[in-house]
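Here is how the chains run, residue by residue.
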Amino acid sequence: GPDLSEVGQRVSPAYLLEFLANPLEAHGGTKMPDLMNSMDEKKREDAASALTAFLRSLGDEGSLSQWEEMGDPKRGKVLFGEVGCLACHAPPSSGAIRKSEAGLGTLDHVVRKYERPSLAAFLHEPLRVRKSGRMPDFHLTSSEANDLAEYLVQGRPPKTEVSKIAAEKIETGRKLFGQLNCVACHALKGMPASKPALPMKNLRKDRGCLSAKPLHVPNYGLSGFQRKAIGKALEKGFSPPTTERRIKQTLIAFNCIACHKRDDYGGPSAK
């Protein structure tokens, strides 16, 4: 998962709260499961608030000072097409129509999630934040990152002042972060991850995370098709994939085939 050591400076506090309370609604298609789906509404709100307080306490407040210069949204719009962002993301102005036609990921959440400086920093070095992420480093210059970020966050509401966080609330959030085993995906110094409850070989379809209505377990928002596919894989067992299959899986996982063709699949769309 993403490096959270500076998330308090990178991501909007309001978005953090919204996302932690209900990640599957805040960002459609996210890999982040709902870890609090068995809590009642009040406990969920309190837990999300405490976790937000803890995450806001992380990072250096001056870490984004180099990104204070404004960008040019017109140049950013051109870059969005030239760099190849269109291979994976629908432009901010095209809404749901292009998403449904081309199967591209929406960027609707970006305006709520980032201030321009923090988005520019991410676009400049995406793999620093997400070392195993799917977002490639396009080696943008600082100026290009600023321009692209300015284009993507147009229409963002004015920044509001946030209140000082009580130390007690931060500590509550830190404990929750460990109890919910967030460190299984997000490494933080001094917080080791607990061992998985069950080894992979003991997992069963239609149970736990794979049940139609997960309770007291992480809810990944899996569709019926996804649960069925995982169930079949569990039944079949796991064997090392062939070299050819591993190549195909990697090309698809990183969406290389959006721009490149191999054998009889992939390649840019004719549209």
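Higher on the page you've got the structure.
Residues numbered from 1 in each chain as written. Predicted model: local features only at pLDDT ≥ 70, side-chain atom pairs only at ≥ 80, totals over all residues. Heavy atoms only, no water.

Undergrad: It is not clear to me how the packing of helix α8 (residues 116–124) against helix α10 (residues 142–152) should be interpreted in this structure. Could you clarify?
TA: For any two helices packed against each other, one specifies the crossing angle of their axes together with the interaxial distance. At a closest axis distance of 8 Å, the pairing of α8 and α10 adopts a crossing angle of 130°. Between α8 and α10, the angle falls in the class oblique. Taken as a pair, α8 and α10 cross one another with a handedness that is right-handed. In this structure, α8 uses Arg116, Leu119, Ala120, Leu123 and His124 to contact α10, whose residues at the interface are Ser142, Ala145, Asn146, Leu148, Ala149, Glu150 and Leu152. Taken together, the residues of the contact of α8 with α10 sort by class into 7 nonpolar, 3 polar and 2 charged. (Axes fitted to C-alpha atoms, helices over the stretch in contact; angles between N-to-C directions. Helix = DSSP H or I, 4+ residues; strand = E, 2+ residues; numbered from the N terminus. Parallel < 35°, antiparallel > 145°, perpendicular 65-115°, else oblique. Left-handed = near helix turned anticlockwise from the far one by under 90°. Contact = heavy atoms within 4.5 Å. Nonpolar A, V, L, I, M, F, W, Y, C, P; charged D, E, K, R; others polar.)

Undergrad: Whenever I open this one, the packing of helix α5 (residues 73–83) against α10 confuses me. Can you help?
TA: Closest axis-to-axis distance for the α5/α10 pair is 7 Å, and the angle between their directions is 95°. On the basis of their axis angle, the class for α5 and α10 is roughly perpendicular. In contact with Pro73, Arg75, Gly76, Lys77, Leu79 and Phe80 of α5, α10 contributes Ser143, Glu144, Asp147, Leu148, Glu150, Tyr151 and Leu152. Taken together, the residues that form the contact of α5 with α10 break down as 6 nonpolar, 2 polar and 5 charged.

Undergrad: Hey, could you run me through a nonpolar patch on the surface in this one?
TA: Taken together, the side chains of Leu198, Met200, Leu203 and Phe238 define a hydrophobic patch exposed on the protein surface, amounting to about 410 Å² of accessible area. Residue position: Leu203 is located in the loop between α11 (167–179) and α12 (224–236). (Patch = residues over 30% accessible without salt bridge, like charges linked within 9 Å, V, L, I, M, F, W, Y side chains within 5 Å. Areas by Shrake-Rupley, 256 points an atom, 1.4 Å probe, with all protein chains shown as cover. Salt bridge = Lys/Arg side-chain N within 4 Å of Asp/Glu carboxyl O.)

Undergrad: Would you mind showing me how to read the packing of aromatic side chains here?
TA: Each aromatic ring pair is characterised by the separation of its centres together with the angle its planes make. Across all of its chains, the model carries 4 aromatic pairs by this definition. Arranged with centres 6.2 Å apart and planes meeting at 20°, the rings of Tyr114 and Phe122 form a pair that is stacked. Pair check on accessibility: Tyr114 and Phe122 agree, each one buried. (Phe/Tyr/Trp six-rings, centres within 6.5 Å; stacked < 30°, edge-to-face > 60°. Buried < 20%, exposed > 50% of the residue type's maximum accessible area, 1.4 Å probe, protein only.)

Undergrad: What exactly am I supposed to notice about empty space enclosed by the protein here?
TA: Empty pockets left among the atoms are what a rolling probe the size of a water molecule brings to light. Evaluation of the coordinates by the stated rule reveals 2 cavities of 30 Å³ or more. Looking at the largest cavity, its volume works out to about 50 Å³. A class-by-class count of the residues in the lining of the largest cavity yields 1 nonpolar, 1 polar and 4 charged. (1 Å grid on protein atoms, 1.4 Å probe; cavity = no way out; pocket = protein on both sides within 12 Å on 5 of 7 lines; lining within 4 Å. Points joined across faces, edges and corners; volume = space filled by probe spheres on them.)

Undergrad: When you look at the pattern of salt bridges in this model, what are you seeing that I'm missing?
TA: The final tally for this structure, using the stated rule, is 13 salt bridges. The partner of Glu18 in a salt bridge is Arg112, and the shortest N-O contact between them spans 3.3 Å. Separated by 94 residues along the polypeptide, Glu18 in helix α2 (residues 13–21) and Arg112 in helix α7 (residues 110–113) bring together distant segments of the chain. A relative accessible area of 32% places Arg112 in the partly exposed class. Shared partners join several salt bridges into a network, and the residues in it are Glu6, Glu125 and Arg128.

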